[in-house]
Amino acid sequence: MPSKKDSSDDNQVDLFLPQLTTLPLRDQRETMERPFFSLSKRKRLKPIDYVSPDRKVTVHVSANSEYGLATIYDLDILIYCASVLIEHKRRGTNDIPQTLYIVPYDMLTTLKRDAGGREYELLGNALDRLQSTTVKTNIRSGDAVETTFSWIDSHSQLKDRKGRVHGMRITLAKWFYDGVLMEGGVLAIDPAYFSLTGGRERWLYRVARKHAGGAGAEGFSISMPTLFEKSGAEGDYRRFKFEMAKIVRENGLPGYVLELVHREEGEPMLRMVRRDLDAKESTLPSPTSENRVAKAGKTPAADKEEPIRFPEQGQISYCAFGAIARANLPQPQRDHSVVADEFRSFLKSRDIAFDAKNITTIFASFCAKQRPAN
């Protein structure tokens, strides 16, 4: 028979865990365009040092030697916490808490992760990195003041008498907490963001959401060297440019179309435009005169590559179209092979070529219109 103390502990765990599920997802705006997180799952000890082109904004992120830098995958926890704070605000909660009591199962489910024992362990590792990573920035306070903080001040697990984790207590950094609750401090994000497996894809989606979300038909363009500086990515610029070109070819970001705009002089520009869900109008607007593609006789090497072609038969799981399906199909997702067959029928009925210039955009729009699995 459990002791009174054990029984009391169980009740305490239940008492402090509000069941917040089905949250509209929100991301903290200030962290979406500057390099605050490692883009790799590998342990990174090299600091991130960023200075804006006008020299007014600085970001320095350093790692604990035991845990390494917080990653863009660890950021999922902060996005969930930001969403909980905004839900409290929506409900009119007085004195919104800086310390949140989280049900791990709810958080993992919302973040599209498995809720098994291994994920609980990985969750603990992520919290350790968020607490041990040190950030110094003047992004909010200007040149005269530099604020130093870790993403979370503390965290603990709430367990029952059998050692099972019923919840987590997370105290957010004041800097992050204030940033979420300030006017205009968050932006809504697509739940499909959590289906993106690559760190660079996740980071690029957040940049697109921040800059191209309200930019209109022309979208938002940024030079590749500037984009490289904003990423804080390890490795050299040449490798970064190669990886960005690959992401552009796959064109699988939820909600945004990407285009690499080559110029006669200087490095290419990356254009980001909100996706039009109508496949008939899914092509990008023509580049502006100052960002126009190189003239005939100076065709960029990327234009000489074989066009992307939707497979005329078979499965799509291990090609670029599989990534597009994962990012754009509504949850729970239907079988990708069935969706691929229906898309082939759609192309034939509309007399659209399997290697149409905008085939990735058409497929993404087609996926977004599908019904969830029963």
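See the structure printed just above.
Computed from a predicted model, the values in this text were never measured in an experiment.

Rules and cut-offs
- Residues numbered from 1 in each chain as written.
- Predicted model: local features only at pLDDT ≥ 70, side-chain atom pairs only at ≥ 80, totals over all residues.
- Heavy atoms only, no water.
- Helix = DSSP H or I, 4+ residues; strand = E, 2+ residues; numbered from the N terminus.
- Buried < 20%, exposed > 50% of the residue type's maximum accessible area, 1.4 Å probe, protein only.
- Contact = heavy atoms within 4.5 Å.
- Areas by Shrake-Rupley, 256 points an atom, 1.4 Å probe, with all protein chains shown as cover.
- Pairing = 2+ DSSP bridges.
- Axes fitted to C-alpha atoms, helices over the stretch in contact; angles between N-to-C directions.
- Salt bridge = Lys/Arg side-chain N within 4 Å of Asp/Glu carboxyl O.
- Expected span 1.5 Å × (residues − 1).
- Core = buried A, V, L, I, M, F, W, Y, C linked by side-chain atoms within 4.5 Å.
- Polar contact = N/O pair within 3.5 Å; in protein donor to acceptor, adjacent residues only side chain to side chain.

**Observations regarding the overall build of the protein**
At step 1: Summing up its helical and strand segments, the protein has 11 helices and 12 strands in all.
At step 2: Each of the 374 residues in the protein was classed as buried or not, and the buried ones make up 48%.
At step 3: Within the protein, contacts between residues separated by at least 24 positions form 67% of all contacts whose residues are at least 6 apart in sequence.
At step 4: Put simply, the protein shows about 18,700 Å² of open surface, and 47% of that area lies on carbon and sulfur atoms.

**Quick look at the sheet that holds strand E10 (residues 220-223)**
At step 1: If you trace the 3 strands from one edge of the open sheet to the other, you get E10-E12-E11, paired in antiparallel fashion. Two strands bound the open sheet, and with one partner strand each, they are E10 and strand E11 (256-261). Neighbour-to-neighbour, the strand axes of this sheet turn through a mean angle of 20°, independent of strand direction.
At step 2: With 6 bridges connecting them, E11 and strand E12 (residues 269-274) associate as antiparallel partners. Its bridge partner being in E12, Leu258 is matched across the sheet by Met272.

**Notes on the environment of Val135**
At step 1: Mapped onto the elements, Val135 comes out in strand E5 (residues 134-137).
At step 2: What makes Val135 buried here is its relative accessible area of 0%.
At step 3: Each C-alpha atom of the pair Val135 and Ser150 lies 6.0 Å from the other, and the pair is 15 residues apart in sequence.
At step 4: Setting aside anything within four residues of it in sequence, one finds Val135 in contact with Phe36, His60, Val61, Thr147, Thr148, Phe149 and Trp151.

**Some points on the pattern of salt bridges**
At step 1: Applying the stated rule across the entire model yields 21 salt bridges.
At step 2: Measuring nitrogen to oxygen at the nearest pair gives 3.3 Å for the salt bridge that ties Glu121 to Arg118. Placement of the pair is Glu121 and Arg118 together in helix H4 (residues 117-132), with a separation of 3 residues, close to one helical turn.
At step 3: Among the charged side chains, a salt-bridge network with shared partners connects Glu33, Arg34, Lys210 and Lys230.

**A few points about the pairing of strand E3 (residues 58-62)**
At step 1: Residues of E3 alternate between two faces, with Val59 and Val61 buried on one and Thr58, His60 and Ser62 left unburied on the opposite face.
At step 2: As paired strands, strand E2 (residues 48-51) and E3 are joined by 4 bridges and run antiparallel to one another. Paired with Ile48 across the strands is Val61, a residue of E3.
At step 3: Two successive antiparallel strands, E2 and E3, enclose a turn made up of 6 residues, where Arg55 displays a positive phi of approximately 70°.
At step 4: Two strands pair when backbone bridges link them, and E3 and E5 are joined in this way by 4 bridges, in the antiparallel orientation. What sits directly across from His60, in E5, is Lys136.

**What to know about helix H8 (residues 237-250)**
At step 1: Given a rise of 1.5 Å per residue, 14 residues ought to cover 20 Å, and the 20 Å separating the end C-alpha atoms of H8 matches this to within 8%.
At step 2: Along H8, the residues that are buried comprise Phe240, Glu243, Met244, Ala245, Ile247, Val248 and Glu250.
At step 3: Downstream of H8 by a residue or two, Asn251 has a phi angle that is positive, lying close to 50°.

**Comments concerning the nonpolar core**
At step 1: Core analysis: the largest hydrophobic core is formed by 77 residues, its most contacted members being Trp151, Leu204, Leu227 and Met272.
At step 2: In terms of residue count, helix H2 (residues 75-90) provides more of this core than any other element does, 10 residues in total.
At step 3: Apart from residues lying up to four places away in sequence, Met272 is in contact with Leu204, Val207, Ala208, Ala212, Gly219, Phe220, Ile222, Leu227, Val257 and Leu258.

**Some remarks on the sheet that holds E5**
At step 1: The strand order across the open sheet built from 4 strands is E2-E3-E5-E6, with neighbouring strands paired in antiparallel fashion. At either end of the open sheet lies a strand with only one pairing partner, and these are E2 and strand E6 (147-149). Strand-to-strand twist in this sheet, taken as the mean axis angle between neighbours without regard to direction, amounts to 10°.

**Overview of the environment of Arg309**
At step 1: Following the sequence through the fold, Arg309 ends up in the loop between E12 and helix H9 (320-328).
At step 2: Through-space distance from the C-alpha of Arg309 to that of Phe321 is 9.5 Å; in sequence the pair is 12 residues apart.
At step 3: If we ignore the near neighbours within four places in the chain, the residues touching Arg309 are Phe321, Phe354 and Asp355.
At step 4: Only 2.3 Å separates the side chain of Arg309 from the side chain of Glu312, close enough to count as a polar contact.
At step 5: Here the side chain of Arg309 touches Asp355 through a polar contact of 3.4 Å, side chain to side chain.

**Here we look at unusual backbone geometry**
At step 1: Omega for the peptide link from Gln331 to Pro332 comes to -10°, which places this bond in the cis form.
At step 2: Tracing the backbone through its elements, the reader meets Pro332 in the loop between H9 and helix H10 (336-349).
At step 3: Positive phi, close to 50°, is recorded for Asn251, a residue that is not glycine.
At step 4: By the secondary structure assignment, Asn251 is in the loop between H8 and E11.

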